Amino acid sequence: MSIEKVREYFKSLGLADRIQEFNDSSATVELAAEALGCEPGRIAKTLAFRIGNGCMLLVVAGDAKVDNPKYKARFGLKAKMIAPDETETFVGHAVGGICPFAIPSGIPVFLDESLKRFDIVFPAAGSSNSGIGLTLAELERCSGAADWVDVCKCCLP
């Protein structure tokens, strides 16, 4: 199970005790914000985009939307998300639990500037009813992020 891989990964970093599991789904930004008792922007949603025959992950604030012209300018191609039924094959996590942790090697992870408004953000932890609170420095380190990018439309303050 995907959450177990993520739990083992965070256990190796001494952070497994910070994973939260909920009785109800946290598969959408709204549900996750409700479960965690935080504003939607603090939910660090992980989006999977096709790059050639593989994919890349982009972690953005929960209230952010990808700006297609910015994406194309940064990555040199049109933003095309992985089909929901393919995410587990490509990333190892199903929709609702996609996160940048315990993923196959070779998948680049990018963090969007929209996250920088917050001191703590909450990405999923490998299942549709989990999350983990991380500082931006912890998110950067734990995700192995390749870079910070600015590819989203403005967010609500």
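One can find the structure itself at the top, above this paragraph.
Residues numbered from 1 in each chain as written. Predicted model: local features only at pLDDT ≥ 70, side-chain atom pairs only at ≥ 80, totals over all residues. Heavy atoms only, no water.

1. Regarding unusual backbone geometry
For Ala-102, which is not a glycine, the phi torsion comes out positive at approximately 55°. Here Ala-102 lies in the loop between α4 (87-91) and β4 (109-112). For Ala-102, a relative accessible area of 24% corresponds to the partly exposed category. (Helix = DSSP H or I, 4+ residues; strand = E, 2+ residues; numbered from the N terminus. Buried < 20%, exposed > 50% of the residue type's maximum accessible area, 1.4 Å probe, protein only.)

2. Examining the nonpolar core
In terms of nonpolar packing, the biggest core is built from 48 residues, with Phe-10, Leu-58, Phe-101 and Leu-115 touching the most fellow members. Elements that contribute at least two residues to this core include exactly α1 (2-12), β2 (43-51), β3 (54-61), α3 (68-75), α4, β4, α5 (136-143) and β8 (147-149). The greatest single-element share of this core, amounting to seven residues, is contributed by β3. Aside from chain neighbours lying at most four places away, what touches Leu-115 is Ala-44, Val-59, Val-60, Ala-61, Val-121, Leu-136, Leu-139 and Trp-148. In terms of nonpolar packing, the next biggest core, distinct from the first, is built from eight residues, Val-29, Leu-36, Cys-38 and Ile-43 among them. (Core = buried A, V, L, I, M, F, W, Y, C linked by side-chain atoms within 4.5 Å. Contact = heavy atoms within 4.5 Å.)

3. Side note on the sheet that holds strand β5 (residues 120-123)
Within a sheet, each strand pairs with its neighbour through backbone hydrogen bonds, oriented either parallel or antiparallel. Within the open sheet, the six strands sit side by side as β7-β5-β2-β3-β4-β8. Their pairing is mixed. Each of the sheet's edge strands pairs with one partner strand only, and the pair in question is β7 (134-135) and β8. In terms of strand pairing, β5 meets β7 through two bridges, oriented antiparallel. Looking at the pairing, Val-121 lines up with Leu-134 of β7. Together, β2 and β5 form the strand contacts of helix α2 (residues 29-36), whose direction differs from that of β2 by roughly 150°. (Pairing = 2+ DSSP bridges. Axes fitted to C-alpha atoms, helices over the stretch in contact; angles between N-to-C directions.)

The quantities given are spatial measurements derived from coordinates; they are silent on function.
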